[in-house]
Structures are given as structure tokens and as C-alpha cells.
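Spelled out from the first residue to the last, the chains are:
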Amino acid sequence: MAVKIVHLYPEEMNLYGDKGNVICLKKRLEARNYKVDVINVGMGERIPDFDILFIGGGQDKEMSIVRRDVRRKAEELSYYIHSGKTVLAICGGYQLLGEYYKTASAQVIELSGALPFFTEGAKQRMIGNVVFESPFGKIVGFENHSGKTYIANEFCPLGCVISGFGNNGEDGTEGVLYKNTFGTYAHGPVLPKNPIFADEIIKRALQVNELPNIDDKFENLCHNSLVSRFT
Ligand code: GLN
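In this text, all values refer to a predicted model and were calculated from it rather than measured experimentally. (Residues numbered from 1 in each chain as written. Predicted model: local features only at pLDDT ≥ 70, side-chain atom pairs only at ≥ 80, totals over all residues. Heavy atoms only, no water.)

## Description of the sheet that holds strand β2 (residues 36-41)
The condition that has to hold: Strand pairing follows a simple DSSP-based rule, namely that at least 2 bridges must link the two strands. The way it works is that DSSP assigns letters per residue, a run of H or I at least four long becomes a helix, a run of E at least two long becomes a strand, and they are numbered from the N terminus. For helices, the axis comes from a line fit to the C-alpha atoms of the stretch in contact; other axes are also lines fit to C-alpha atoms, and the angle between any two N-to-C directions lies between 0 and 180 degrees. We call two residues contacting when some pair of their heavy atoms lies within 4.5 Å.
Here we have six strands laid out as an open sheet, ordered β2-β1-β3-β4-β12-β11, and mixed in their pairing. Edge positions in the sheet fall to β2 and β11 (176-178), since each of these pairs with one other strand and no more. Strand after strand, the sheet turns through a mean of 15° between neighbouring axes, direction not considered. Pairing geometry for strand β1 (residues 3-8) and strand β3 (residues 52-55), over four bridges, is parallel. In the sheet register, Val6 faces β3, and the bridge partner there is Leu53. Across the sheet, helix α3 (residues 74-82) lies against β1, β3, β4 (86-90), β11 and β12 (181-184), angled at about 75° from β11, the strand it touches most. Strand contacts of helix α5 (residues 195-206): β1, β3, β4, β11 and β12, with the helix running at about 145° to β4, the strand carrying the most contacts.

Structure follows, in C-alpha cells:
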């Protein structure tokens, strides 16, 4: 039985190489002899059952294009997230899971509302390298967003900012971790240079505690050099 990765809005929401996260997950699964099917889901299409759902980042313009469709998908997204399916959402894709996104020009974009958080655009964009401490070790990436995301107190952030802005540049949080849904502002793509995080996504999807080791020499070299450079 193949592992199913659904890539939501691959045309509209794909900034800074975020599609590389899907490629990374596929490669790491295939290296462990899993067969992998990647299913692209666009506007007007239903979200089929999956093992991992991925949504990449997008500019305000693209978010405005997908906003009606993501509201039509709100029930499906909510059902999958709250039933514990594995989801990875990056930046604009992460914002889509919240209630709304108010752009820097005060345009309110109603979103899926799958999770109780909101985002408000700031005049000053938050751009640069980001390193944050997470339950899966340090995670390093690149951020470029005007949106400041505020998650409800009862929700856990994915991590605590060590360097960079994170969710909003104010409360020291970065991303969100709810059941098996991971939201983060880290572009890059984030997974290839954070192999522990990448394998955590896979373990959640496969519902296993361990995975056979694979050679992460170069991934760890890259990870460690970036962490030491930016912290
Ligand atoms: N348009 C959103 C913002 O500026 C998301 C940007 C992104 O996905 N990089 O906050």
C-alpha cells in the first residue's frame, strides 16, 4: 500500500522551494522502501484521504485567490486535522489553517478556521534566517512574511525562537503543533536540512515510533553549519 502525500494548491501556494518538502518526504520514505504517491489537489477538488497533507507558502495575492476555495474545504480540513491526520503547512499555508488573515492594507481574508488562530499583516516584513527550539531539536529555516500569527494560549507553538521573528516577532513563539498538524513560518524548504523534523512527520504519518536509519551525513552537515551560523 503506497504512502499518500496530498499536496494542496501546488500551483498557487509554493514559495521559496516549499515543494522541496514533498520531494524530501518522498525520498526519505522511498529510502525506507515505502512506495509513495503524491496527489496534487487544486481549487475545486476534494481532499482525498491521505497519510500526509502538505501546503506551501504564498503571497497575499495567491492567498486571496485560494481563500474562497479553502473556505469550501474548511470542513474537510477541520475533520482531518482534529482527527489527528498528519499535516505540514508552511507560512501562508499555515495561515490558511487559521480564522483570518488581515493584510497590511487591512483587507480581511476569511480563511478555513480549522484552527483557532489569526494573522494580521504588519507594515514591516519579517525576513531572514530563523532558528527555533522544538520538541524535535533545533529547526533552521528562512522566513519572509508580513503576517503576525497569534495562537490561542491553549495551543502549543511548534517551538521557541532562538534567532529570527517566528510567529509574530513579539511573543517568542514559532509555528503551531496541534495533534499531528505542524505549522511553521520556516521556508527553505525546511525539511531537507532538518532531518529529525522530517522523520517526525513521517513517523506521525506511519504511526510508528522508530524508523530505520538512513545516511544523513550531508543533511546534518548543512543543519549544523546553519544553526552555528545563525545562533
Ligand atoms: N502572504 C503571507 C504573508 O506575507 C504569507 C507569506 C509566505 O507564505 N511567505 O505573511
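Anyway, onward from the coordinates.
## Describing the nonpolar core
Here is the rule: What we call a nonpolar core is a set of buried Ala, Val, Leu, Ile, Met, Phe, Trp, Tyr and Cys residues that are connected through their side-chain atoms within 4.5 Å. Remark: exposure states derive from per-residue accessible area (1.4 Å probe, protein chains only) relative to the maximum for the residue type, with buried under 20%, exposed over 50%, and partly exposed in between.
In this structure, Ile47, Leu96, Leu191 and Phe197 are the most contacted members of the largest nonpolar core, which totals 60 residues. In terms of residue count, the dominant contributor to this core is α5 (six residues). With residues up to four places along the chain from it excluded, the contact list for Ile47 reads Val6, Leu8, Val41, Leu53, Lys73, Glu76, Leu77 and Tyr80. In this structure, Val131, Leu226, Val227 and Phe230 belong to the second largest nonpolar core, which totals five residues.

## Regarding the site of the ligand
We count it as follows: The near set for a molecule or strand comprises every residue that places at least one heavy atom within 4 Å of it. Polar contact is defined as a pair of N or O atoms within 3.5 Å, subject to the rule that within protein one atom must be able to donate a hydrogen and the other to accept it, and that residues adjacent in sequence are counted only when both atoms are side-chain atoms. Here the Shrake-Rupley method, with its probe set to 1.4 Å, supplies the accessible areas, and only the displayed protein chains count as covering residues. Charged means Asp, Glu, Lys or Arg here, nonpolar means Ala, Val, Leu, Ile, Met, Phe, Trp, Tyr, Cys or Pro, and polar covers whatever is left, Gly included.
Taken together, 17 residues are adjacent to the ligand, and Gly58, Asp60, Cys91, Gly147 and His187 come closest. At a separation of 2.6 Å, a nitrogen atom of the ligand approaches a polar side-chain atom of Asp60. Arg125 places a side-chain nitrogen or oxygen 3.3 Å from an oxygen atom of the ligand. Bound to the protein, the ligand loses 99% of the 300 Å² it would expose on its own. If you list the elements that add at least two residues to the shell around the ligand, you get α2 (60-72), α4 (92-96) and β8 (137-151). The element that contributes the greatest number of residues to the shell around the ligand is β8, accounting for four residues. Per-class residue counts for the shell around the ligand are five nonpolar, ten polar and two charged.

## Here's the deal with the pattern of salt bridges
Threshold: When a carboxyl oxygen of Asp or Glu is within 4 Å of a side-chain nitrogen of Lys or Arg, the pair counts as a salt bridge.
Tallied over the entire structure, the rule returns 14 salt bridges. When the shortest N-O distance is used, the salt bridge between Asp216 and Arg28 registers 2.7 Å. Of this pair, Asp216 sits in the loop between α5 and α6 (217-230) while Arg28 is found in helix α1 (residues 20-30), placing the two residues 188 residues apart along the sequence. Here Asp216 matches Arg28 in class, with each residue buried. Between Lys61 and Glu62 there is a salt bridge, and its shortest N-O distance comes to 4.0 Å. Through salt bridges that share partners, Arg28, Arg32, Asp199 and Asp216 make up one connected network.

## Concerning the packing of aromatic side chains
Note the cut-off: Here a pair means two rings of Phe, Tyr or Trp (six-membered ring of Trp) with centres within 6.5 Å. Their orientation is stacked below 30 degrees between planes, edge-to-face above 60, and tilted elsewhere.
Inspection of the entire model under this criterion finds eleven aromatic pairs. Pairing Phe155 with Tyr178 gives two aromatic rings, centres 5.0 Å apart and planes at 35°, and the pair type is tilted. Taken together, the positions of Phe155 in the loop between β8 and β9 (159-163) and Tyr178 in strand β11 put the pair 23 residues apart, joining distant regions of the chain. Given the relative accessible area of 14%, Phe155 is considered buried.

## Describing the pairing of strand β7 (residues 117-134)
Sheet topology note: the strand β5 (residues 100-102)/β7 ladder contains two bridges and is parallel. Its bridge partner being in β7, Lys102 is matched across the sheet by Glu120. As defined by bridge partners, β7 adjoins β8 across 14 bridges and the pair is classed as antiparallel. When the bridges of β8 are listed, Ser134 appears paired with Gly137. Turn length for the β7-β8 hairpin, with the two strands adjacent in sequence and antiparallel, is two residues. Judged from the three bridges that link them, β7 and β9 form a sheet pairing that is antiparallel. Each residue of the ladder has a partner; that of Phe132, found in β9, is Val161.

## Structural notes on α5
To be explicit about the condition: For a helix, the expected span equals 1.5 Å multiplied by the number of residues minus one.
With twelve residues, α5 extends 16 Å from end C-alpha to end C-alpha; this agrees with the ideal 16 Å at 1.5 Å per step. Among the twelve residues that make up α5, nine are buried, leaving the element largely enclosed by the rest of the structure. Along α5, the residues that are buried comprise Pro195, Phe197, Ala198, Asp199, Glu200, Ile201, Ile202, Ala205 and Leu206. Following α5 by one or two positions, Gln207 adopts a phi angle in the positive range, close to 55°.

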